[in-house]
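# Fold and geometry: a report
Spelled out from the first residue to the last, the chains are:
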Amino acid sequence: MQEVSLRNVGHSIPKIDGLSIAMGKPAYTEDLAMPQALVLKILRSPHAFAKIISIDTSKAELVEGVECILTYKDVPKERFTLAGQSYPEPSPYDRLILENVVRYVGDEVAIIAAVDEKTALKAMKLINVEYEVLEPVLDFEKAIGHPSVVHFEEDLTCNFDIGLHKEQNIVSSHEQAVGDVEKVLKDCEFIVEDVYYPQAQAHAMMETYRSFTYQDHMGRLVVVSSTQVPFHIKRQLARALQIPAAKIRVIKPRIGGGFGGKQTGAGDVFAALVTLRTGKPAMIIYDRQETFSCTTSRHAMRIKVRLGADADGFIRAIDLEVLSDTGAYGEHASTVLSCVGEYTLPLYNKTKAVRIRGNAVYTNKMPAGAFRGYGATQGTFALESAVNKLAERLAIDPTEIRLKNISQKGETFLTGHGVQLGSTALDRCIKKGREMVGWKEKFPRQTMSGAKIRGVGMAITMQGSGIANIGTASAEIRLTDDGNFALLIGATDMGTGCDTILSQMAAEVLEVPLDKIYVSAGDTDTSPFDPGSYASSTTYLAGTAVIKAAEELKGKILAQGAKFLGVSKEDVIFEELSVRRIGGEGEISLAKIAEQTILGMGNLQLAAMATHGSQISPPPYVAGFAEVEVDVETGKVDLIDYVAVVDCGTMINPNLARIQAEGGIVQGIGMALFEEVRYSNLGKMETNTFMQYKIPCRQDVGNVRIAFEESYEPSGPFGAKSIGEVVANTPSPAIVNAVYNAVGVQVHHLPVTPEKVFLEMLKQQ
Amino acid sequence: MFTVLDMAQPDKLEEAFEILAKRKNNTILGGCAFLKMSKKRIGTGIDLSRLNLDYIREDNGFIAIGAMATLRDLETNALSRDAFGGILSQSVRNIIGVQFRNGVTVGASVYSRYGFSDLLTALLVLDTEVELYNGGRMPLQDFLQKPYEKDILVQLRIEKSQRSAAFSSFRKSASDFAVLNVAVSSLDHQWTIAVGARPGRAVIAETASRALSQGHLSAEELEAAAKIAADELSFGTNTRGTAGYRKALCQVLVKRGIMEVLQCKSN
Amino acid sequence: MQIELIVNDKSVTWDIEKDEFLADTLRAHGFLSVKKACDTSCCGLCTVWMDGKPVLSCSILSMRAHGKKITTIEGVAQAAEEFAHILTAEGAEQCGFCSPGFIMNVLAMKNELDNPTEDEIIHYLTGNLCRCTGYMGQLRAVKTYLGVA
């Protein structure tokens, strides 16, 4: 595709749904639910690990207004996974809808459906459960070989060999090695070795998990769900409920944020089960406490890094050893683990050997799952912290060591199966970022008045664009009877704006104004298949599918117009919403073409459908720079400035790209400085409200500045790559590095709290 | 989930107290922001909004703050904003957000005697009296040490003076509860240092206050007073910080508080 | 019990439970712009005005709205839309779930503060959490709306 002047793509067009949702128009799951829907509440386990000896619901069932109470006795016996991944999922089938074993505090024990919330809660108190409490596995560093086995059941299965050893609490083992790391390390002049602990982080989207279910006029199960993965939810439900997938329709309305959280199923299966049992509409809304403590979080990890460099400052070996805490169930365990290396090892390309080894382990805590960054966030924190350490050892400026070692366009990677890097502006991102933040004047530190010292730090990162050879997206465009276009997509807008940018791309190719296109998306009955919005896929994969469909449809319109004009297709062009004869008399408007083909005796509705998958997953890049101010008497770290320079290829919609970047950076800032999912020593989550789990508020984030250095990705739509996830990765290593440069304190366990900094400073004195 | 069986909006304080005394689970309603999070089962909720207690006004040399004045009133009212270096306003201005402070009342904040309270720490270094319907007027410090008794907090009375004061609250993030908060004030060479969110309830560091009042305010004496405060008070550990860290913070914040008061005096 | 109040300039009489909160009552009567997200009075999504002041409708017992004037975004649609256009031009609504409450607080701020500084803007809006945007785009929109640099 050649670069031409574009009318829609590359413009900061407001989101097509923006005004409605900003004004509070009813568009979200709860807004759409029938008022008489049964209200669901879940009785949850108070124990981290226990067997249910007996469960008595008889008293509860007598409460007036209680519709049904379901326990493990009432559910199908087929295990499934809640991971929203393409079939066959690489996550173990290790769950039942309800089970007589509970594996974390908050695990589901019984479903109560009643006419209203008060009644459901009243009934819940009357359920009597007797537990045999088991010794839980709480410390993930002690999980392997722990006397307690989290999943001792026999019928646990997995579609792939992911290195599952359930008797050892290992859900997945992973090793990828190219070259002889030990040998290369031995030859290196400089070796840096360190261990880092990125913590569990909560998604904390504003709209909690929720689902509304009913049976339609054909008795099919309709699930309106706040999900990123409607097609996966459909398949999950079919398996979990043991009903044919054809009997299920999943609809995704507007959703109030996801960040990967809604790539894992939550309450859908409970509401669906109640509707199937009662024939009645049902709604489940997770409260904030359930959202924090009974869904998923980012995987907490321990990552040991060894880096080797030669005397010239070239990084020759990278060795990562990972232990990942997947909690009570294995959603996304193996893939997040492998992505730790997948999205870090190719950053540096003067390497002679690289390796990642690791295990994901079961513990008796809330499951971990997909979260923006998906392993890359944790891996970047570890690798980039180690690279900063290496730069110091080598006495090379941290920006220079990167410029010297990063991958260049056209190169292949040790782990890359021969795929060439199609685009990168990472060098420009680094140079621009250090200029914007004032690196030369500020590195490493400046002493301020009072007891304050400022430091700067930096990190770089990459991600992918879709999942190579797995991710696929389809799009259909129809010329409608009124001369407009219906764009049907399976991509799931979660506030990110994909309905808008995909329309922009369609409008660009079709050469029509954006308002000629209306989008229908996120309905498994009517949308073409799309795995959903995750893995930074939508712009890159769905975008290309849209372009293909639009090009095909445009060809059909031209051909049809030419036919009406009585000339050949080569003799017409499309302009001003008409097909015109080149250099001659005669034109027919789009509206007329629509009218004459679709209506009456035309007998032809022009439409095109395209599917796109990619054999490659081109990386977007970010260079992030943090300036912090540390109070040396208290250890308080204030973020003064954060500069992120992004290479996402072509920006389809610059304002939406900027907002994505700012939001991702601030989520990363939260991870670096404030956020931490914490448990009591009995395994109960302590951070289950916004009072205890602090996401950044407006005053916490300092100044976040985003700049773009565009590259042109030849395999992407209009040269675009992805942006959704890559923006979450740099803050932790950059801020930790800035604190180190300010006061010499290296934080290994995120987040960087004042107390940690203070205590380390005290040790230094 | 918190529940209320009945609701009363009395026109007179006597009536309100009568209802309060009638049943154990009858409760005065403040802004309900914290009450809502509790699992309390309230018999009759007593709403004081008809009693015209939402004032902040001058009253014979006192600033009188009605129980139903909100934290936002305290923050923005000219009288409370301008007195004592603005510490009343400062002590509440970072609590959650404007909407929250428009709901939460001064009366409920003080009556509940929360350990994390920023306001109590500030009030402690001022000449603050609490007026209870049944218990009458008493210094705030006495009220804080008194065992809980069912009563209605009618108003606070703060004696107006040339007292200089400073307040600071150490938070891990801007809208979090404090890890520690400190208020310092001085009038006629008499100093008062109060420390709250230890995480226990705010108290006055008596020995440190005395030491400071008796000395010459040299740099060494400032440091020493700050250290005495950290040593004489007890600190605990919770999710926001350990006892040891709070103790260290106490010394720093007290020292800074004293210096801030000295600075505003010299201005 | 019954309460009489004025919602968006219309007098209404509603039957409510005694321990019902205003956000739920409003939603039950079709004011679906009112969102809830925290259960702990600290996210700002449920912001409406009571007698012109921004409050958390999730934490106000509905019976206390008796005799009061309640305003939701539906009641100030024109002013709200003016700002919403600026907000969406920045892309700073993103998922949109926090936007109605945020807009109500922005309008309240405009009524309450004259020419606020950036710090004052940030301080006034601190009680409105947003997980999508990182706040910077919202700040740009507010500054454009208020005509401050």
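Everything quoted here is computed from the prediction, not taken from an experiment.

## Quick word on the overall build of chain C
Scanning chain C from N- to C-terminus turns up five helices and five strands. In chain C, the succession of helices and strands from N to C terminus is β-β-α-β-β-β-α-α-α-α. Compactness check: chain C gives a C-alpha radius of gyration of 15 Å against a globular reference of 15 Å for 149 residues, within 12% of the reference. Over its C-alpha atoms, taken along the principal directions, chain C stretches across nearly 50 × 25 × 25 Å. Classification of the 149 residues of chain C by burial places 68% in the buried group. Within chain C, residue pairs in contact and separated by at least 24 positions form 57% of the contacts whose partners lie at least 6 positions apart. Taken as a whole, chain C presents about 5100 Å² of accessible surface, with 46% of it coming from carbon and sulfur. On chain C, the mean spot of the 13 positive side-chain charges and the mean spot of the 19 negative ones are 2 Å from each other.

## Brief notes about the interface of chain C and chain A
At the junction of the two partners, chain C supplies 50 residues and chain A supplies 55 residues. Both faces combined, the contact of chain C with chain A buries some 4000 Å², and carbon together with sulfur accounts for 60% of it. Three residues, Gln94, Arg131 and Met136 of chain C, lead the burial of chain C against chain A; their summed loss comes to 21% of the area buried on that side. Seen at the junction of chain C and chain A, the total is seven salt bridges. A salt bridge links Asp19 of chain C to Lys118 of chain A; the nearest nitrogen and oxygen atoms lie 3.0 Å apart. Viewed at the interface, chain A and chain C are joined by 19 residue pairs in polar contact (both at pLDDT 80 or more). Elements represented by at least two residues in the side of chain C that touches chain A include exactly helix H2 (77-89), helix H3 (99-112), helix H4 (118-124) and helix H5 (136-146) of chain C. Among the elements that line the side of chain C that touches chain A, the one with the most residues is H2 of chain C, at seven residues.

## Concerning unusual backbone geometry
Residues and elements named next belong to chain A. At the junction of Phe443 and Pro444, the peptide bond is cis and its omega measures out at -5 degrees in the coordinates. As for its placement among the helices and strands, Pro444 is situated in the loop between helix H13 (439-442) and strand E16 (445-447). Backbone torsion omega between Leu750 and Pro751 reads -5 degrees, so that peptide bond is classified as cis.

## Regarding the domain arrangement of chain C
All names here are of chain C. When its domains are assigned, chain C resolves into domain 1 (2-74) and domain 2 (76-146). The C-alpha-based centres of domain 1 and domain 2 are spaced at 21 Å. Of the residues lining the interface, 14 residues belong to domain 1; the matching set on domain 2 comes to 17 residues. In this assembly, domain 1 packs against domain 2 so that about 1300 Å² is buried in total across both faces, 68% of it on carbon and sulfur atoms. Of all residues in domain 1, Leu45, Trp49 and Ile73 bury the most surface against domain 2, accounting for 45% of the area lost on that side. Linking domain 1 with domain 2 are zero salt bridges, by the criterion used here. Seen at the junction of domain 1 and domain 2, the total is six residue pairs in polar contact (both at pLDDT 80 or more). Among the residues making up the side of domain 1 that touches domain 2, the classes are represented as six nonpolar, five polar and three charged.

## Some details on the interface of chain B and chain A
Across the contact, 22 residues belong to chain B and 21 residues belong to chain A. In total, about 1900 Å² of surface goes out of reach between chain B and chain A, with carbon and sulfur atoms giving 59% of it. Counting the contacts that link chain B with chain A gives three salt bridges. Put simply, Arg256 of chain B and Asp631 of chain A hold a salt bridge, and the shortest N to O gap is 2.7 Å. Applying the counting rule to chain B against chain A returns nine residue pairs in polar contact (both at pLDDT 80 or more). Of all the secondary-structure elements, those providing two or more residues to the side of chain B that touches chain A are strand E9 (164-171) and helix H11 (243-266) of chain B. Per-element accounting of the side of chain B that touches chain A gives the leading share, six residues, to H11 of chain B. Here the residues of the side of chain B that touches chain A sort into ten nonpolar, six polar and six charged.

## Comments concerning the sheet that holds strand E19 (residues 485-489) of chain A
Residues and elements named next belong to chain A. The strand order across the open sheet formed by four strands is E20-E19-E18-E24, and the pairing between neighbours is mixed. The open sheet has two edge strands, strand E20 (517-521) and strand E24 (607-613), and neither has a second partner. This sheet shows a mean twist of 20 degrees between the axes of neighbouring strands, independent of strand direction. Pairing of strand E18 (residues 472-479) with E24, which is carried by seven bridges, proceeds in the antiparallel orientation. Bridge pairing in E24 places Ala475 opposite Ala610. Against the sheet, helix H15 (residues 538-565) makes contact with E18, E19 and E24, and its axis sits at roughly 150 degrees relative to E24, the strand it touches most.

## Here's the deal with the environment of Ser536 of chain A
All names here are of chain A. The topology assignment puts Ser536 in the loop between E20 and H15. Ser536 gets classed as buried once you look at its relative accessible area, which sits at 10%. A C-alpha to C-alpha distance of 6.2 Å links Ser536 and Glu725, two positions 189 residues apart in sequence. Here the side chain of Ser536 touches Glu725 through a polar contact of 2.9 Å, side chain to side chain.

## Brief notes about the packing of H2 of chain C against H5 of chain C
All names here are of chain C. Here H2 crosses H5 at 130 degrees, and the two axes come no closer than 9 Å. With respect to H5, the axis of H2 lies oblique. In this structure, H2 crosses over H5, and the sense of that crossing is right-handed. Along its contact with H2, which presents Ala79, Glu82, Phe83, Ile86 and Leu87, the element H5 presents Gln138, Ala141, Val142, Thr144 and Tyr145.

## Focus on the sheet that holds strand E10 (residues 221-225) of chain A
Residues and elements named next belong to chain A. The strand order E3-E5-E1-E12-E9-E10-E11 describes an open sheet built from seven strands, whose pairing is mixed. Each edge of the sheet is formed by a strand with only one pairing partner; in this case those strands are strand E3 (66-70) and strand E11 (248-251). Each strand axis lies, on average, 20 degrees off the axis of its neighbour in the sheet, ignoring direction. As defined by bridge partners, strand E9 (residues 210-215) adjoins E10 across five bridges and the pair is classed as antiparallel. Across the sheet, the residue bridging to Gln215 is Leu221, located in E10. Its contacts with the sheet put helix H4 (residues 117-125) on strand E1 (38-44), E3 and strand E5 (108-114), and the angle it makes with E1 is roughly 30 degrees. On the sheet, helix H7 (residues 268-278) packs against E1, E3, E5, E9, E10 and strand E12 (282-285) and is oriented at approximately 20 degrees with respect to E9.

Rules of the game
Residues numbered from 1 in each chain as written. Chains lettered and ligands numbered in written order. Predicted model: local features only at pLDDT ≥ 70, side-chain atom pairs only at ≥ 80, totals over all residues. Heavy atoms only, no water. Helix = DSSP H or I, 4+ residues; strand = E, 2+ residues; numbered from the N terminus. Rg over C-alpha atoms; globule rule 2.2 N^0.38 Å. Buried < 20%, exposed > 50% of the residue type's maximum accessible area, 1.4 Å probe, protein only. Contact = heavy atoms within 4.5 Å. Areas by Shrake-Rupley, 256 points an atom, 1.4 Å probe, with all protein chains shown as cover. Lys, Arg positive; Asp, Glu negative; His and termini not counted. Charge placed at Lys NZ, Arg CZ, Asp CG, Glu CD. Buried area = accessible area lost by both parts, 1.4 Å probe. Salt bridge = Lys/Arg side-chain N within 4 Å of Asp/Glu carboxyl O. Polar contact = N/O pair within 3.5 Å; in protein donor to acceptor, adjacent residues only side chain to side chain. Domains from an automatic or database assignment. Nonpolar A, V, L, I, M, F, W, Y, C, P; charged D, E, K, R; others polar. Pairing = 2+ DSSP bridges. Axes fitted to C-alpha atoms, helices over the stretch in contact; angles between N-to-C directions. Parallel < 35°, antiparallel > 145°, perpendicular 65-115°, else oblique. Left-handed = near helix turned anticlockwise from the far one by under 90°.

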